[in-house]
Amino acid sequence: MSAFYRPGDPVEPRELGGKGTQLARLAASGHEVPRFVVLKASAPLPSSEALQTVLRQSGLDRVPLAVRSSAVGEDSRERSFAGQFRTVLGVGAEQALSAVEQVRASLHQQHAYGDESPPAMAVILQEMVAPDCSGVLFTADPVSGQRDLSVISAVRGLGELLVSGEVTGETYRVHQGQVLESLPGDQCEQLVLEQGEVVRRPLARSGPCLSNEQALGLAELGQRLARQLDGPQDVEWALVGTRLVVLQSRPITTLADEPVLWDNSNIIESYSGVTTPLTFSFARSVYAHVYPQFCRVMGVEESVLQVNRPVFENMLGLIRGRIYYNLLNWYRTLALLPGFSFNRDFMERMMGVRQKLPNPPVTPPSHGRWRDLARLVRMVITMGREQARLALEVGAFQQRVEGVLSRQRGRELKKLTPEQLIGLYRQLETELLCEWKAPLVNDFFAMIFHGLLGRLVEKWLPGLPPTLQNDLLCGEGGIISTRPAEALMELARRAPRELFALSDEEMLARLEPGFLDDYLERYGDRSVGELKLETETLRENPTALVSLIRAYLDHPPRPQGGQAAREAAELVARSKLRGWKARVFFSVLKQARERVRDRENLRFERTRVFGLIRRLFLALGAHLARLGALKSERDVFYLTREEVFGWFAGTAASNLLEQVVEQRRAEFTGYASEPAPPDRFQTVGSPALTRFAPEVPAEGELRGQGCCPGRVRAPVRIVRDPAHPGELRGHIMVAERTDPGWALLFPVVEGLLVQRGSLLSHSAIVARELGIPCVVGIPGLLERLQDGQVVEMDGTTGLVT
């Protein structure tokens, strides 16, 4: 066996050591690497003649050499030994053996490996190049841990002054094809090769080492190396004329885990409290389906969408059993949109961001600023067309949902085979989830026009009450969330009075057959927690519906009162605005009203679709229970979507589903009994290892966002479980958050206080429509109030006294 490795020989990591193995892989991958040979780790020190022969055969006998260590394990992820072994530069062939001896002798310096046994050491003999500039490239930011940010350090001449720390090089930060930052260094001297020797000379040239194009080329090379070498790399490079030469590459051994910011600002309205694995896995797949559709409509190229698939697949996280947004991935999604570099502040405001990120992920234009501007112009034109036909598309989407659901109406899903049920799920994915364009575009325009209306009110109508914008949106009509209450009132009028003396269960049994069928068919899936698949809806348990009918008979809901506030607000606006300002203002107002109304109604369509998905998984759960894999059909909610499908398809990692369910049931029961994580927090590494400090209750005045005007003084009723709300008539209802299923309680209360929420949340929209004084987004609300305590709330200022 030869004592030397030459490029093209079989690669033996134990013989070549860390650096030698990486050089061999670089050369085999086609990268330009200076010529080299490696004295293998197990080989004894060669004779001078043998070494001269190898150098001559490799074309290295007449060039200056760099003689470097390559210990086994050196530059690995586990151990780097960086800077602890000897390197000899500017070596001629005659001095090569002496340099090899010096390098191998450094192996026995105790500080290099502490108490460990000395590793075996190979020695690299590599041609030195005479670069114009050289340096180090990190393919991920070693400080922040951000994987898609390259950091380049560069000096003129040889890079030894940089790697030794003697000088600070120029620094370039590159992200997604854009040089974000270039900082000067402090280099006054440079190392150069003169007649085969390394000498120190004054810096001969001023100006930056690298052009932007060269920095981008380096970053692109680094990303290729990271993919080929299985992870982020620390690359030493040299620029020789126009040639980019890789001297060596090693894994970044100290790379910090990238911090992740989690936030449940809006999603808690849909997925409050502990949420089961099935709901999370389904919701995550929905987000991964629908948001690329939105980006596609906005003009994002297909190639960009493919590269960012991991972003779309990880927009949600499940932390201590609760669903959170991965806020950095939301920002990355926004950054894909044309023109984000020009209007980030505006888009953040439109998206309802409560707190801007102190250190958001880098979001430069992806094609250069001018091309990004051109893409923005094209997007604006496209969105103008989308907006013009949106009313038709919303109607078409509602018809499509009705068509799909009507085919399943009256169908007993539990009589279908598992294969038929999974096929039905795939069909629903294709027909609905992959065609979710109308709700997405409408949501976008709802946020845009709602935000624009707010800005116009601030700029053109200063000094007026802060709820003027909300008053203008009251009384639109046509919002489906108010219809279940109307239908319940009708059921209360029609129900035989003698039945109300019975218990809920007895009353349900005595109602004439079919009495509730029409309501349950239309609104049976509209329940508290309706987007959580594990929720038992009114369709499944109509006893709760009987309780609501009884409450509506005892306390008829108030008539809707939003119209008066709307008309008064319009009079104020018309008295202050004239000419083109009035035309622009009322045009924006019209769009905001329609888009907010359709947003609420399209969410009802989503509820209906989720209702069918819920029944589909319950049918699969029934099959699993019948086959002995589960104890109960409802145990299916403790499995993920992939685990359920995989069990039937033979691709499940575990077939012992009953044991999986029991373990998760205990885990999630524990989550429900412990305090929830904060609304917003940051993790480094696995969130499973994060420990959360108890939240400190808010102090000072109770104040939130006023959503619907009116001043009310009354005792509060704190409702934690809307299925058992207690007496609401004559009370102000207090809740942590609401979802559409709570709307059935609204008509009988005097006012509404919600700890979480925004002006576009469900509680705000329905309260405006019903004319109920409402304040949302009140920090510390539930911690500060006690049930029955009398408060005064002001739906205009948002103050609670």
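Preceding this section is the structure that the text describes.
Keep in mind the model is a prediction, meaning the values are calculated, not measured.

J.: Looking at this model, I keep getting lost on the pattern of salt bridges. Mind explaining?
T.: Side chains carrying opposite charge are able to pair once their charged atoms draw close together. Within the structure shown, the criterion is met by 54 salt bridges. Between arginine 250 and aspartate 234 there is a salt bridge whose closest N-O contact spans 3.2 Å. Taken together, the positions of arginine 250 in strand 13 (residues 243-251) and aspartate 234 in strand 12 (residues 233-240) put the pair 16 residues apart, joining distant regions of the chain. Taken individually, arginine 250 and aspartate 234 each receive the classification buried, so the pair is uniform in this respect.

J.: How do you make sense of the sheet that holds strand 16 (residues 322-326) when you look at a structure like this?
T.: Each strand in a sheet pairs with another by means of backbone hydrogen bonds, the pair being arranged parallel or else antiparallel. Overall, antiparallel pairing links the four strands, which are arranged 15-16-14-17 in an open sheet. The sheet terminates laterally at strand 15 (316-319) and strand 17 (680-683), the two strands that pair on one side only. Strand-to-strand twist of the sheet, defined as the mean angle between neighbouring strand axes without regard to direction, takes the value 40°. Direction of pairing for strand 14 (residues 260-263) relative to strand 16: antiparallel, over a ladder of two bridges.

J.: Quick question: what am I supposed to make of the side chain of glutamate 236 here?
T.: Mapping glutamate 236 onto the fold places it in strand 12. By relative accessible area, glutamate 236 is classed as buried at 13%. Side-chain polar atoms of glutamate 236 contact the side chain of arginine 250, separated by 3.3 Å. Once you skip the residues sitting within four places of it in the chain, glutamate 236 turns out to touch Gly135, Val136, Val163, Val245, Val246, Leu247, Gln248 and Arg250.

J.: Help me understand helix 12 (residues 390-408) in this model?
T.: Quick reminder: α-helices carry 3.6 residues per turn. Residues three or four places apart thus point the same way. With 19 residues, helix 12 should reach 27 Å at 1.5 Å per residue; the first-to-last C-alpha distance of 27 Å fits that figure. Along helix 12, the residues that are buried comprise Leu390, Glu393, Val394, Phe397, Val401, Val404, Leu405 and Gln408. The buried residues of helix 12 occupy one face: seen down the axis, they fall within an arc of 105°. Residues of helix 12 that are exposed and point over 90 degrees away from its buried face: Ala391, Leu392 and Gln399.

J.: Explanation requested: the packing of helix 13 (residues 418-431) against helix 21 (residues 579-626) in the structure shown.
T.: Think of two packed helices as two axes; the pair is described by the angle between the axes and how far apart they sit. Running from N to C, helix 13 and helix 21 cross one another at 160°; their axes reach a closest spacing of 10 Å. When the interaxial angle is binned, helix 13 and helix 21 end up roughly antiparallel. The crossing of helix 13 and helix 21 is left-handed. Taken together, the residues of helix 21 that come into contact with helix 13 (itself represented by Pro418, Leu421, Ile422, Leu424, Tyr425 and Leu428) are Leu612, Ile613, Leu616, Phe617, Ala619, Leu620 and His623. Grouping the amino acids of the contact of helix 13 with helix 21 by side-chain chemistry returns twelve nonpolar, one polar and no charged.

J.: Looking at this structure, how should I read the pairing of strand 13?
T.: Residues in a regular strand project their side chains so that they alternate between the two faces of the sheet. For strand 13, the tally of buried residues reaches seven of nine residues, placing the bulk of the element in the interior. Between strand 12 and strand 13, which pair antiparallel one after the other, the connecting turn spans two residues, and glycine 241 there sits at a positive phi close to 65°.

Reading the values: the criteria
- Residues numbered from 1 in each chain as written.
- Predicted model: local features only at pLDDT ≥ 70, side-chain atom pairs only at ≥ 80, totals over all residues.
- Heavy atoms only, no water.
- Salt bridge = Lys/Arg side-chain N within 4 Å of Asp/Glu carboxyl O.
- Helix = DSSP H or I, 4+ residues; strand = E, 2+ residues; numbered from the N terminus.
- Buried < 20%, exposed > 50% of the residue type's maximum accessible area, 1.4 Å probe, protein only.
- Pairing = 2+ DSSP bridges.
- Axes fitted to C-alpha atoms, helices over the stretch in contact; angles between N-to-C directions.
- Polar contact = N/O pair within 3.5 Å; in protein donor to acceptor, adjacent residues only side chain to side chain.
- Contact = heavy atoms within 4.5 Å.
- Expected span 1.5 Å × (residues − 1).
- Arc of directions from axis to C-beta.
- Parallel < 35°, antiparallel > 145°, perpendicular 65-115°, else oblique.
- Left-handed = near helix turned anticlockwise from the far one by under 90°.
- Nonpolar A, V, L, I, M, F, W, Y, C, P; charged D, E, K, R; others polar.

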